[in-house]
Structures are given as structure tokens and as C-alpha cells.
Amino acid sequence: SNKIPLIFLTAKTLKEDVLEGFRIGADDYLTKPFAIDELAARTEALIRRSNTATEKRKLEVDDLVLDLVTRSVKRSGKAINLQPREFRLLAYFMMNSDRVLTRTMLLEAVWDYRFDPKTNVIDVHVSRLRSKIEAGGGSPLIYTERGTGYRMTAEGQASGKR
């Protein structure tokens, strides 16, 4: 679903016309007379925004691909079924790949906790997530950073142990 940016160029200047233009799908609305450099600037801005939107749609680490729009996950092209919480956890790992994520960071980002419930909820979810993304012989991607938390990184870049 690559969305092509749409600019309305029109002589219709009434507020109702402008609102109708946006309602039916305009990304921008420019009325005549207009300066050609303004049209160029608006076009560049829309293209930049649409490119950013499609780049942020998919996250990739090694051969693992997560699509934020379709909420699907594939490893080497093979679909992986995740529970909603596992999906959020994996997305957070992938958005922050190569960074050490503390338990506190994971609790706040994935569970919306502002406190440590003093349970092993994170360890259980990380363990389940690992087994799902490594099923079928996939290399490890989530590593334990002892005493700190976890880090997701492509194979061969890990300093910590599993």
C-alpha cells in the first residue's frame, strides 16, 4: 500500500471546498494563483514525509523482519506467530537494536509499568520470544547482558552471553 502524496491545485478557495478536498484524500491543498517555488517546496515536503513513513513501516535485524502496519513477523521469509505483548516486545527490541535495554526500560515501554513488579515477567517473555524467533534453526538475536538487561543484535556482534 504505497501511498502516493496528493496535492490539490485549484481555483476553489472557499473553506468548504478546502475541507472537502482534505476529506476526500488531499495531503495538501494549493489555490490559484500560486508561486511555482511554493508548489515545489510543498511537493518535496510531501515526498520526504511519504518516504519516511514507508521506511518506518518495517524493522529488520539480520533475517528477521517485523511489519508495523500488517503486524506480521517473518524470519528468513517464514511467518512467526506472536501474542500482542510478544509483538510489542520484539518491536521495541528491533527499534533499539544494538542498545542494551534494562528491565526498567522494557517494563515502561512494553508493559506500561512505572515500577518494578519484582516478578520474572520479562525473563519469561524474552525466553518465549527467543524460542519463537530461533525456531527452525535461526541464529540467536537477543542476548542477555548480565546484571543489566538484554540486547538485540545481529549474529556475530554480541559481546554478552545468551
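Just above sits the structure.
About the thresholds
- Residues numbered from 1 in each chain as written.
- Predicted model: local features only at pLDDT ≥ 70, side-chain atom pairs only at ≥ 80, totals over all residues.
- Heavy atoms only, no water.
- Axes fitted to C-alpha atoms, helices over the stretch in contact; angles between N-to-C directions.
- Helix = DSSP H or I, 4+ residues; strand = E, 2+ residues; numbered from the N terminus.
- Parallel < 35°, antiparallel > 145°, perpendicular 65-115°, else oblique.
- Contact = heavy atoms within 4.5 Å.
- Nonpolar A, V, L, I, M, F, W, Y, C, P; charged D, E, K, R; others polar.
- Salt bridge = Lys/Arg side-chain N within 4 Å of Asp/Glu carboxyl O.
- Buried < 20%, exposed > 50% of the residue type's maximum accessible area, 1.4 Å probe, protein only.
- Expected span 1.5 Å × (residues − 1).
- Pairing = 2+ DSSP bridges.
- Core = buried A, V, L, I, M, F, W, Y, C linked by side-chain atoms within 4.5 Å.

K.L.:
Just checking my understanding: could you explain the packing of helix H4 (residues 103-110) against helix H5 (residues 121-134) for this structure?
P.N.:
Two packed helices can be described by the angle between their axes and the distance between those axes. The contact between H4 and H5 brings their axes to 10 Å, and the two run at 80 degrees. In terms of orientation, H4 lies roughly perpendicular with respect to H5. Across the interface between the two elements, Arg 103, Leu 106 and Leu 107 from H4 touch Val 121, Ile 122 and Asp 123 from H5. When grouped by side-chain class, the residues that make up the contact of H4 with H5 number 4 nonpolar, no polar and 2 charged.

K.L.:
For this particular structure, what's the right way to read the pattern of salt bridges?
P.N.:
Side chains that carry opposite charge are capable of pairing whenever their charged atoms lie near each other. Inspection of every chain in the model, using the stated rule, returns 11 salt bridges. Put simply, Lys 132 and Glu 86 hold a salt bridge, and the shortest N to O gap is 2.8 Å. In this pair, Lys 132 is assigned in helix H5 and Glu 86 in helix H3 (residues 84-95), connecting sequence segments 46 residues apart. Notably, a salt bridge pairs Glu 145 with Arg 151, separated by 2.9 Å at the nearest N-O pair. Owing to a relative accessible area of 15%, Glu 145 belongs among the buried residues under this scheme. Looking at Arg 151, the relative accessible area reads 8%, which means it is buried. Here the salt bridges share partners, and the residues they tie into one network are Asp 28, Glu 38 and Arg 42.

K.L.:
Can you walk me through H3 in this structure?
P.N.:
Given 3.6 residues to a turn, an α-helix orients residues that are three or four positions apart in the same direction. An ideal rise of 1.5 Å per residue puts 16 Å on 12 residues; H3 measures up with 16 Å between its terminal C-alpha atoms. Turning to H3, its buried residues are Glu 86, Phe 87, Leu 89, Leu 90, Ala 91, Tyr 92, Phe 93 and Met 94.

K.L.:
Hey, could you run me through the sheet that holds strand S9 (residues 149-152) in this one?
P.N.:
Hydrogen bonds between backbone atoms are what pair the strands of a sheet, whose relative direction is either parallel or antiparallel. Overall, antiparallel pairing links the 3 strands, which are arranged S7-S9-S8 in an open sheet. Across the chains shown, the open sheet's two edge strands, defined by having one partner strand only, are strand S7 (100-102) and strand S8 (142-145). When strand polarity is set aside, the average angle formed by the axes of neighbouring strands in this sheet is 35 degrees. Packing of H5 onto the sheet brings it into contact with S8 and S9, and relative to S8 it is tilted by some 150 degrees.

K.L.:
Mind showing me how you'd approach the nonpolar core here?
P.N.:
As a rule of thumb, nonpolar side chains are buried together in soluble globular proteins. If you look at the biggest cluster of nonpolar residues, it comprises 27 residues, and the most contacted ones within it are Leu 64, Leu 90, Phe 93, Ile 133 and Met 152. Counting only elements with at least two residues in this core, the list comes to strand S3 (58-61), strand S4 (64-67), H3, H4, H5 and S9. Ranked by the residues each element gives to this core, the list is headed by H3, at 7 residues. Once residues within four sequence positions are removed from consideration, Phe 93 is found in contact with Leu 101, Leu 106, Val 126, Leu 129, Ile 142, Tyr 150, Arg 151 and Met 152.

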